[in-house]
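# Summary of structural features
Listed here are the chains, written in short residue letters.
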Amino acid sequence: EELADSEQLGSVIIESCDVRWNSSGDINPYLRELLRSEMGAASDVALEYNRPVILGDQRINITTSRMKAAFQETVIDMAQFYNGGWGRIASNITEAWKETSAPADPDNYYLNILSFFDPKLMLTAPVSFFKYPLSYVAKTPFPALSFLAICIFFFDP
């Protein structure tokens, strides 16, 4: 709001795709308000000040298909330890570690492994642990509740 009031807000980019963004309108209005995210609040502010809202994330169906392919490759690599599969897994883990554990750069504000210990993040994490699973149940009740039932059935002591 401060940026908008000082005429410095050009637009707001939301980390979501059209599929996920539009699906949030399909849930009960009371649940929608309870599950309201920072992205929804940012969108409301942008629209209030007549600024464009841009969805700046890859479509979820592309992400899930890539995750499925990566999982299948990993399962095959685990089974093919004799054919370099475990080496590929080790290489993937090493590359991921390099990409995600870059040293802090105060000039560019990159996140690093220490970002998980940010006091604001740690204070709000419990809210996220409640809201995100509840949002899955609200948006896709049958798959979410089926998954929960399977977990209870298999992991009940």
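So, here is what we can say about the structure in this document.

Time to look at helix H4 (residues 38–48). Of the residues making up H4, those classed as buried are Gly40, Ser43, Val45 and Ala46. Packed against the buried residues of H4 are strand E1 (12–14), helix H2 (18–23) and strand E2 (53–55). Immediately beyond the C-terminal end of H4, within one or two residues, lies Asn50, with a positive phi of roughly 55°.

Position of Lys131 relative to the elements: it lies in helix H7 (residues 119–139). With residues near it in sequence (within four places) discarded, Lys131 still touches Leu34, Leu35, Arg36 and Ser37.

Together, Glu1, Glu2, Asp5 and Glu48 make up a region of like negative charge exposed at the surface. Along the chain, the position of Glu2 falls in helix H1 (residues 2–5). On the basis of relative accessibility, which here comes to 71%, the residue Glu2 falls in the exposed class.

This next bit is on a nonpolar patch on the surface. A surface patch of nonpolar side chains, about 810 Å² in accessible area, is lined by Trp97, Ile113, Leu114, Phe116, Phe117, Leu121 and Met122. Here Leu114 shows up in the loop between helix H6 (85–100) and H7. Residue classification places Leu114 among the exposed positions, given a relative accessible area of 59%.

Below, the discussion takes up the environment of Trp86. Mapped onto the elements, Trp86 comes out in helix H6. Separated by ten residues in sequence, Trp86 and Ile76 have C-alpha atoms that sit 9.7 Å apart. Among residues more than four places away in sequence, those in contact with Trp86 are Asp77, Met78, Gln80 and Phe81.

So, how was this worked out
Residues numbered from 1 in each chain as written. Predicted model: local features only at pLDDT ≥ 70, side-chain atom pairs only at ≥ 80, totals over all residues. Heavy atoms only, no water. Buried < 20%, exposed > 50% of the residue type's maximum accessible area, 1.4 Å probe, protein only. Helix = DSSP H or I, 4+ residues; strand = E, 2+ residues; numbered from the N terminus. Contact = heavy atoms within 4.5 Å. Patch = residues over 30% accessible without salt bridge, like charges linked within 9 Å, V, L, I, M, F, W, Y side chains within 5 Å. Areas by Shrake-Rupley, 256 points an atom, 1.4 Å probe, with all protein chains shown as cover. Salt bridge = Lys/Arg side-chain N within 4 Å of Asp/Glu carboxyl O. Lys, Arg positive; Asp, Glu negative; His and termini not counted. Charge placed at Lys NZ, Arg CZ, Asp CG, Glu CD.

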